[in-house]
Amino acid sequence: MRSDSRLSRMLHVLLHMARHDAPFTSEQLAQMLRTNPVVVRRTMAGLREAGYVRSDKGHGGGWSIACDLHKVTLLDIHRAVGGPNIFAIGVESDNPECAVERAVNAALDGALREAEAILIARLGAVSLADLAQDFDALCSRHEAAVR
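Per an unreviewed UniProt entry, the protein is named Putative HTH-type transcriptional regulator ywnA, and its organism is Pandoraea sputorum.

Chemist: Hey, could you run me through the overall build of the protein in this one?
Modeler: Along the backbone of the protein there are six helices and two strands. The order of α-helices and β-strands along the protein, N terminus first, is α-α-α-β-β-α-α-α. The C-alpha radius of gyration of the protein comes to 19 Å, more than 25% above the 15 Å expected for a compact globule of 147 residues. On the principal axes, the C-alpha backbone points of the protein span a range of 65 × 40 × 25 Å. Across the 147 residues in the protein, those meeting the buried criterion constitute 31%. Summarising the internal contacts of the protein: among those between residues at least 6 apart in sequence, 61% fall at separations of at least 24. Put simply, the protein shows about 9700 Å² of open surface, and 53% of that area lies on carbon and sulfur atoms. Of the charged side chains in the protein, 17 are positive and 18 negative, and the gap between their average positions amounts to 7 Å.

Chemist: Any chance you could explain the side chain of serine 64 here in plain terms?
Modeler: Along the chain, serine 64 falls in strand E2 (residues 62-65). Look at serine 64 and you get buried, because its relative accessible area is 13%. With near-sequence residues (within four places) excluded, serine 64 lies in contact with Met17, Pro23, Val53 and Arg54.

Chemist: Help me understand the pattern of salt bridges, please; the structure alone is not making it clear to me.
Modeler: Here the idea is simple: oppositely charged side chains can pair when their charged atoms come close. Summed over the entire model, instances satisfying the criterion amount to three salt bridges. With a closest N to O distance of 2.8 Å, aspartate 136 and arginine 19 form a salt bridge. Pair noted here: aspartate 136 is in helix H6 (residues 128-146) and arginine 19 is in the loop between helix H1 (6-18) and helix H2 (26-33), with a separation of 117 residues, a long-range link. Put simply, aspartate 56 and arginine 54 hold a salt bridge, and the shortest N to O gap is 4.0 Å. For aspartate 56, a relative accessible area of 41% corresponds to the partly exposed category. A residue is classified by how much of its surface remains accessible, and arginine 54, at 41% relative accessible area, is partly exposed.

Chemist: Teacher, can you tell me more about the confidence of the model for the protein here?
Modeler: Low-pLDDT portions of the prediction should not be read for the details of their coordinates. Across the protein, the average pLDDT comes to 89, with 97% of residues at or above 70. No element of the protein has a lower mean pLDDT than H6, which averages 89, and none a higher one than E2, which averages 96.

Chemist: Help me understand the packing of H2 against helix H3 (residues 37-49), please; the structure alone is not making it clear to me.
Modeler: Helix-helix packing is described using two parameters, namely the angle between the two axes and the distance between the axes. Contact pair H2 / H3: the axes reach a minimum separation of 8 Å and the direction vectors enclose 105 degrees. What the angle tells us is that H2 and H3 run roughly perpendicular. For the pair H2 and H3, contact is made by Ser26, Glu27, Leu29, Ala30 and Leu33 and by Pro37, Val40, Arg41 and Met44, respectively. Each residue belonging to the contact of H2 with H3 can be placed in one class, and the counts come to six nonpolar, one polar and two charged.

Conventions and cut-offs
- Residues numbered from 1 in each chain as written.
- Predicted model: local features only at pLDDT ≥ 70, side-chain atom pairs only at ≥ 80, totals over all residues.
- Heavy atoms only, no water.
- Helix = DSSP H or I, 4+ residues; strand = E, 2+ residues; numbered from the N terminus.
- Rg over C-alpha atoms; globule rule 2.2 N^0.38 Å.
- Buried < 20%, exposed > 50% of the residue type's maximum accessible area, 1.4 Å probe, protein only.
- Contact = heavy atoms within 4.5 Å.
- Areas by Shrake-Rupley, 256 points an atom, 1.4 Å probe, with all protein chains shown as cover.
- Lys, Arg positive; Asp, Glu negative; His and termini not counted.
- Charge placed at Lys NZ, Arg CZ, Asp CG, Glu CD.
- Salt bridge = Lys/Arg side-chain N within 4 Å of Asp/Glu carboxyl O.
- pLDDT = per-residue confidence, 0-100.
- Axes fitted to C-alpha atoms, helices over the stretch in contact; angles between N-to-C directions.
- Parallel < 35°, antiparallel > 145°, perpendicular 65-115°, else oblique.
- Nonpolar A, V, L, I, M, F, W, Y, C, P; charged D, E, K, R; others polar.

Structure, rendered in structure tokens:
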């Protein structure tokens with residue numbers, strides 16, 4: 001099963017936007033992400049509606065960052081891009097009278113809720129500014145190694 005990469009792809013785009021002075025066109029972003037510009041526009045629309053990016057039409061227009069990186073978390077971005085449930089794993093409930101199904105569901109439900117709570121807390125604790133800082137540090141180390 002293919003994983004949903006919207007969150008990581010949009011975080012990638014947002015970091016590029018945060019460190020780039022000019023707007024990016026949908027075509028440029030599509031090339032960066034190796035996808036179709038229509039897919040980019042559809043996904044970016046959720047970020048625009050949430051106020052994290054803006055789009056300007058016409059010559060020199062495109063997508064640009066429109067938020068304070070310190071105030072936006074990875075969880076915010078996940079929600080804005082319409083990310084799916086945190087886990088694709090679920091329980092079967094076709095036969096709620098079955099004792100085996102009830103035992104399995106009881107074991108899985110608790111574990112999945114705990115794991116989801118941990119992941120949501122972690123995504124909510126990391127801001128775009130944290131990612132940008134990590135990115136800047138990686139770039140600095142790379143530049144120092146090249147010299």
